[in-house]
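Summary of the model geometry
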Amino acid sequence: MTDSDDSVSRFTDLYKNKSRSQEQHQSERRRTLLEEQKRLRRSELDSTRPGLLELIEAETATESDCSGDFAERRRYRPKVWFSKLYRDKAQLSEWMYEKPEDLDNWLLVPCPVGIRCLLVIRKGLAVAYGKNGRSITRFSTRLGKKQRITVLDCFMTKGRVFYALDMLVYNEMDLVQCECQFRFLWLRSKLEEDNLQKRFCTATENRWHLDVLPMFDCKDRSQIEQCLSKYPMFTETGLDGLLFYHKESNYIYGRTPLVTWLFPFMVPEVLGNELSQAMHHQYLQQIPNDYQQLGCKAYMDEFDAKLAKKRSRRSGRICGMEEGDDDGTCDLPIWEEMDAVPVPDDDQYEDEHWQRKELDEIRRLEMEG
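Residues numbered from 1 in each chain as written. Predicted model: local features only at pLDDT ≥ 70, side-chain atom pairs only at ≥ 80, totals over all residues. Heavy atoms only, no water.

1. Let's talk about the overall build of the chain
- Check the secondary structure of the chain and you find 11 helices and 12 strands.
- Counting all 369 residues of the chain, 51% fall into the buried class.
- The long-range fraction of contacts in the chain, counting pairs at least 24 apart against all pairs at least 6 apart in sequence, stands at 72%.
- Put simply, the chain shows about 18800 Å² of open surface, and 48% of that area lies on carbon and sulfur atoms. (Helix = DSSP H or I, 4+ residues; strand = E, 2+ residues; numbered from the N terminus. Buried < 20%, exposed > 50% of the residue type's maximum accessible area, 1.4 Å probe, protein only. Contact = heavy atoms within 4.5 Å. Areas by Shrake-Rupley, 256 points an atom, 1.4 Å probe, with all protein chains shown as cover.)

2. Describing unusual backbone geometry
- Between Tyr 231 and the following residue, Pro 232, the backbone shows a cis peptide bond with an omega angle of -5°.
- Relative to the helices and strands, Pro 232 resides in the loop between helix H5 (221-229) and strand E11 (239-246).

3. Some remarks on H5
- Three or more residues of H5 are buried, namely Ile 224, Cys 227 and Leu 228. Looking straight down H5, one finds its buried side chains confined to an arc of 95°; they lie on one side.
- Considering only its buried residues, H5 is in contact with strand E2 (106-112), strand E10 (216-217), E11, helix H6 (267-271) and helix H7 (281-284). (Arc of directions from axis to C-beta.)

4. A look at the environment of Trp 81
- By secondary structure assignment, the location of Trp 81 is in the loop between helix H2 (52-59) and strand E1 (91-95).
- Sequence separation between Trp 81 and Gly 133 is 52 residues, and the spatial gap between their C-alpha atoms is 8.3 Å.

5. Section: the nonpolar core
- In terms of nonpolar packing, the biggest core is built from 46 residues, with Phe 244 and Met 266 touching the most fellow members.
- For this core, the secondary structure elements donating two or more residues are E2, strand E7 (161-170), helix H3 (180-193), H5, E11, strand E12 (254-262), H6 and helix H9 (296-314).
- Residues in contact with Met 266, not counting those within four places in the same chain, are Trp 95, Tyr 291, Cys 296, Tyr 299 and Met 300.
- Counting 24 residues, the second largest nonpolar core, distinct from the first, contains Ile 115, Phe 139, Met 156 and Leu 175. (Core = buried A, V, L, I, M, F, W, Y, C linked by side-chain atoms within 4.5 Å.)

6. Concerning the pairing of E1
- In terms of burial, E1 is a largely internal element, 5 of the 5 residues being buried.
- Of the pairings in the sheet, the one linking E1 to E12 comprises 4 bridges and is parallel in character. Looking across to E12, one finds that Leu 92 is bridged to Arg 255. (Pairing = 2+ DSSP bridges.)

7. Let's talk about the pattern of salt bridges
- Taken as a whole and assessed by the stated rule, the structure comprises 11 salt bridges.
- Of the charged contacts, one joins Lys 247 and Asp 217 as a salt bridge, the two residues approaching to 2.9 Å between their closest N and O atoms. Of this pair, Lys 247 sits in the loop between E11 and E12 while Asp 217 sits in strand E10; the two residues are 30 residues apart in sequence, bridging distant segments of the chain. For the pair formed by Lys 247 and Asp 217, the shared burial category is buried.
- One continuous salt-bridge network, built from bridges that share partners, spans Arg 221, Glu 225 and Glu 274. (Salt bridge = Lys/Arg side-chain N within 4 Å of Asp/Glu carboxyl O.)

8. Quick notes on the environment of Gly 159
- Mapping Gly 159 onto the fold places it in the loop between strand E6 (150-156) and E7.
- Residue classification places Gly 159 among the partly exposed positions, given a relative accessible area of 37%.

9. Brief notes about the sheet that holds E11
- Taken in spatial order, the 5 strands of this open sheet run E1-E12-E11-E2-E10, and their pairing is mixed. Here the strands that pair on one side only, and so sit at the sheet edges, are E1 and E10.
- Packed on one face of the sheet, H3 meets E1, E2 and E11 and runs near 50° to E2. (Axes fitted to C-alpha atoms, helices over the stretch in contact; angles between N-to-C directions.)

10. Digging into the confidence of the model for the chain
- Per-residue confidence for the chain averages 77 on the pLDDT scale, and 69% of its residues sit at or above 70.
- Within the model, pLDDT remains below 50 along residues 64-77, and this stretch shows 30 contacts once partners closer than five positions in the same chain are excluded.
- Per-residue pLDDT stays below 50 along residues 318-355; that stretch engages in 96 contacts with residues further than four places along the chain or on separate chains. (pLDDT = per-residue confidence, 0-100.)

11. Considerations on the packing of aromatic side chains
- Within this structure, the stated rule accounts for 20 aromatic pairs.
- On the basis of an interplanar angle of 80° and a centroid distance of 5.3 Å, the ring pair of Tyr 231 and Tyr 283 is categorised as edge-to-face. Of this pair, Tyr 231 sits in the loop between H5 and E11 while Tyr 283 sits in helix H7, and the two are 52 residues apart along the sequence.
- Since its relative accessible area comes to 2%, Tyr 283 is described here as buried.
- Three or more aromatic residues link up through ring pairs in this structure, and these residues are Trp 95, Trp 261, Phe 263, Phe 265, Tyr 291, Tyr 299 and Phe 303. (Phe/Tyr/Trp six-rings, centres within 6.5 Å; stacked < 30°, edge-to-face > 60°.)

12. Some points on H3
- When the terminal C-alpha atoms of H3 are compared, their 20 Å separation across 14 residues agrees well with the 20 Å that a helix rising 1.5 Å per residue should span.
- Taken together, the buried positions of H3 are occupied by Cys 180, Arg 183, Phe 184, Leu 187, Arg 188, Lys 190 and Leu 191.
- Directly beyond the C-terminal end of H3, a positive phi value near 55° is found at Asn 195. (Expected span 1.5 Å × (residues − 1).)

13. Focus on the environment of Ile 287
- By the element assignment, Ile 287 lies in the loop between H7 and helix H8 (289-294).
- Along the backbone, Ile 287 and Phe 263 are 24 residues apart, and their C-alpha atoms lie at a distance of 9.4 Å.
- Ignoring sequence-local partners within four residues, the contact set of Ile 287 consists of Phe 265 and Gln 292.

Given below as structure tokens:
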């Protein structure tokens, strides 16, 4: 073995040792979080804590300027504003370092390429907030002014579709402290019972749509195989990855080990090679070269390091990427890049085509990604 081979071997061993610690730590944190959630459900003190709904209602007065008559200002770019209430409220995932011992207690949700956001609907007006609390877009729906506060965790895609992933509030019913399995079932039943998808659809010009992401129960192996065998999962945009939700998890703000993430090509190594036969061959063809060299766990650590570096560079490019900027070859999820959509000055959007321009900016970033 050459000296260079020795260095690669030592480098890989370091990743393996780090990953073993992460796996043990992640499993322990899952158990601790589930025990804490059960304790809080039994505690009377928990019922006295202000929930998301109460915080939203408290902020209503401060948002009154943003929720005025939208029709009167439809030809102008609405002012971009930041909301501390919706900042860092999205439930984010960790890597699934190894197959959970209780895989039967998990749900699988395939995710499209898009911007992760919280979609807040109130009195017929919908506002999408990014993970940093910045408003991404806003528009009128056909839900009418009688529609009470509803907050959905969504992916916003370039096809002007909001794919609902989770539900935090529905018609002023706070669901944050409810178990994941209940929230998912409630989301699907209410969209169907109240015909929200059809009523959500906006006017013909600059139309927005609402859809719900498919859900698969890991307790039924055939459902996992059904998910992995479907290609393309989303016709208008690609499949970014797979989210795994623990059925008993509350909606937790920020990162949590009770929600984990895998790219499709990682599934055989983490969940079992027997799933390779059920996977569509296109997913296996997407395996990066460095993944084959490093292995799954080392690739995850390397991916995180590159992502952190890319985010630090992004902060210095808030007005958009410079042409010809060489920032490495990190194969990042496109939605991570799309989160950096620059917000031009208001006077640049003082015309009736501001929504199309905003979408063009998203597409430009996608092409650069």
